[in-house]
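# Survey of secondary and tertiary structure
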Amino acid sequence: MVLVAGVDSSTQSCTVVVREAGSGALVRSGRAPHPPGTEVDPQAWWTALQAAIADAGGLDGVAAMAVAGQQHGMVCLSADGEVVRPALLWNDTRSAGAADDLVAELGAQAWADATGSVPVASFTATKLRWLARHEPDHAAATAAVCLPHDWLTWRLRGTGRLDDLVTDRSDASGTGYWGPDGYRRDLLGRALGRDDVVLPRVLGPAESAGTTADGVLLGAGAGDNAGAALGLGAAVGDVVVSLGTSGVVSAVSPVATADPSGIIAGFASATGEHLPLVCTLNAARVLDGAARMLGVDHDGLARLALAGPAGAGGLVLVPYLEGERTPNRPDATGSLHGLTLATTTPEHLARAAVEGLLCGLADALDALVAAGVEVRRVFLVGGGARSEAVARIAPAVLGHPVLRPTPGEYVADGAARQAAWALAGGDAPPVWAAADTERFEADPTPAVRDRYAQARDHVLPRT
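Here is a short report on the structure shown in this document. Quick caveat: nothing in here was measured; it's all calculated off a predicted structure.

Thresholds, definitions, all that
- Residues numbered from 1 in each chain as written.
- Predicted model: local features only at pLDDT ≥ 70, side-chain atom pairs only at ≥ 80, totals over all residues.
- Heavy atoms only, no water.
- Buried < 20%, exposed > 50% of the residue type's maximum accessible area, 1.4 Å probe, protein only.
- Helix = DSSP H or I, 4+ residues; strand = E, 2+ residues; numbered from the N terminus.
- Pairing = 2+ DSSP bridges.
- Contact = heavy atoms within 4.5 Å.
- Salt bridge = Lys/Arg side-chain N within 4 Å of Asp/Glu carboxyl O.
- Polar contact = N/O pair within 3.5 Å; in protein donor to acceptor, adjacent residues only side chain to side chain.

Our next topic: the pairing of strand S16 (residues 238-243). With 6 of 6 residues buried, S16 lies mostly within the body of the structure. Side chains Asp 238, Val 240 and Ser 242 project from S16 onto one buried face, and the interleaved Val 239, Val 241 and Leu 243 project onto a second face that is buried too. For S16 and strand S22 (residues 377-381), the ladder comprises 5 bridges, and the chain directions are parallel. Considered in S22, the bridge of Val 241 is made with Leu 380. Counted between consecutive antiparallel strands, the loop separating S16 from strand S17 (residues 247-251) contains 3 residues.

We now examine the environment of Leu 156. Turning to its location among the elements, Leu 156 is positioned in helix H6 (residues 148-157). By relative accessible area, which is 11% here, Leu 156 ends up buried. In this structure, the C-alpha to C-alpha distance between Leu 156 and Ala 66, residues 90 residues apart in sequence, is 9.8 Å. Excluding residues that lie within four positions of it along the chain, Leu 156 makes contacts with Trp 46, Leu 49, Met 65, Val 67, Thr 211, Thr 212, Ala 213 and Leu 218.

For the rest of this paragraph, the subject is the pattern of salt bridges. Counting across every chain of the model gives 25 salt bridges. Linking Glu 105 and Arg 129 is a salt bridge whose minimum nitrogen-to-oxygen distance equals 2.9 Å. One end of the pair, Glu 105, is in helix H2 (residues 96-106); the other, Arg 129, is in helix H4 (residues 124-134), with 24 residues separating them in the sequence. Note that Arg 194 and Asp 196 form a salt bridge whose closest N and O atoms lie 2.8 Å from each other. One continuous salt-bridge network, built from bridges that share partners, spans Glu 39, Arg 85, Asp 92, Arg 94 and Glu 135.

Residues Ala 284, Val 286, Leu 287, Gly 289, Ala 290 and Ala 291 constitute the buried set of helix H10 (residues 284-294). Those residues of H10 that are buried lie in contact with S16, helix H11 (298-307), strand S20 (316-318), helix H12 (346-370) and helix H13 (388-398). With its phi angle positive at about 70 degrees, Gly 295 sits one or two positions after the end of H10.

Quick look at H13 now. Turn by turn, an α-helix covers 3.6 residues, leaving residues three or four places apart pointing in a common direction. In terms of burial, H13 is a largely internal element, 9 of the 11 residues being buried. Of all the positions in H13, only Ala 389, Val 390, Ala 391, Ile 393, Ala 394, Pro 395, Ala 396, Val 397 and Leu 398 are classed as buried. With a side-chain oxygen positioned 3.3 Å from the backbone nitrogen of Ala 389, the residue opening H13 is Ser 387. Looking one or two residues past H13, Gly 399 carries a phi angle of roughly 80 degrees, positive in sign.

Here you go:
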């Protein structure tokens with residue numbers, strides 16, 4: 001039996017799955033936590049990867065592996081391959097001002113045309129601009145820039161040579177300095193103040209990144225959202241709504257997007273197509289916060305939300321609890337609107353939390369549809385999707401039936417499938433059995449969307 005391994009190095013943890021290369025059958029898995037925060041020493045990812053591999057029973061018998069990881073994180077390396085400073089993660093918003101400056105200097109349309117996206121605080125390019133302005137010594141010491149999954153793949157290869165850094169289209173497309181024609185070093189130079197740093201070579205979907213010291217073949221890897229789409233087997237017309245640390249609405253599409261509004265990021269897929277994507281900063285942790293306020297666990301929160309009336313009696317939660325990426329409001333705070341004596345119940349607050357979370361994602365889905373993205377099926381995945389309230393209320397707010405796959409590690413599964421592809425070769429990834437899904441339907445509730453639209457612009461900045 002030929003085995004492959006897939007890695008999901010996410011914001012919060014590292015997960016490793018080992019699957020049979022031909023069928024995709026799960027053999028074993030492991031997991032290890034990452035430290036909290038928006039600034040992390042990459043060595044913590046390496047330590048967690050080793051722990052997760054050990055928890056999965058090691059790599060004995062594994063012929064190939066690939067790493068999917070959180071996007072955008074800025075990893076700066078010195079000429080001798082040492083990490084220059086802790087990595088700034090995608091959810092670190094200190095580069096919001098730098099993003100504004102980059103857009104003002106070049107214009108939103110020019111950025112969209114060049115890279116498919118307009119820079120926001122999440123993107124690597126804006127973090128490099130922040131680095132150049134606030135830590136010029138670190139900027140000067142930077143000889144190479146890569147992303148979390150690039151760095152882990154490089155460490156697994158173990159050569160220590162900067163020229164051996166590799167990435168893939170999906171992760172490169174989220175940097176802010178890569179587009180349809182490859183790297184835009186002029187944009188890199190605009191961000192960092194110089195364009196002479198080493199950037200990872202961009203591999204094709206089935207191309208090998210080399211081997212580990214033990215001879216395990218390495219796949220190109222992917223950004224986490226592209227990895228999840230590959231793990232689900234998403235095809236053109238499939239929309240994936242992912243509720244993790246961030247909220248993501250993405251769609252496999254044969255057509256590239258270039259949205260000057262900045263709402264849609266024109267990313268690439270892990271299979272050679274495009275993956276237009278809208279990302280929010282606030283997703284599953286909105287449920288965490290609501291449960292904490294109400295003194296219940298997640299199951300209790302779901303029961304309360306389902307006991308509350310549709311529309312929560314007019315109570316609206318705008319869930320910008322960590323600022324927001326889409327819309328681009330990094331300094332915003334959450335807000336509660338429509339509070340009356342009648343709505344001061346746990347059921348109303350729980351319902352408002354779930355509906356507020358879903359309304360932000362419904363806005364994202366609307367943006368993709370307006371850009372011409374086909375919607376054939378909507379998948380609901382991620383930790384937040386396990387909430388029964390989220391699953392049952394989602395079709396009413398999103399306006400489409402939703403399919404909830406059996407809970408799984410779809411990012412890691414996508415990486416494993418990519419590893420199997422690199423091992424077998426060919427023009428398409430191996431066909432693995434699709435996950436079982438549960439279908440949810442409900443009548444649309446446009447009044448909920450309308451009420452949210454009235455409230456979402458009335459927020460206070462952080463103090």
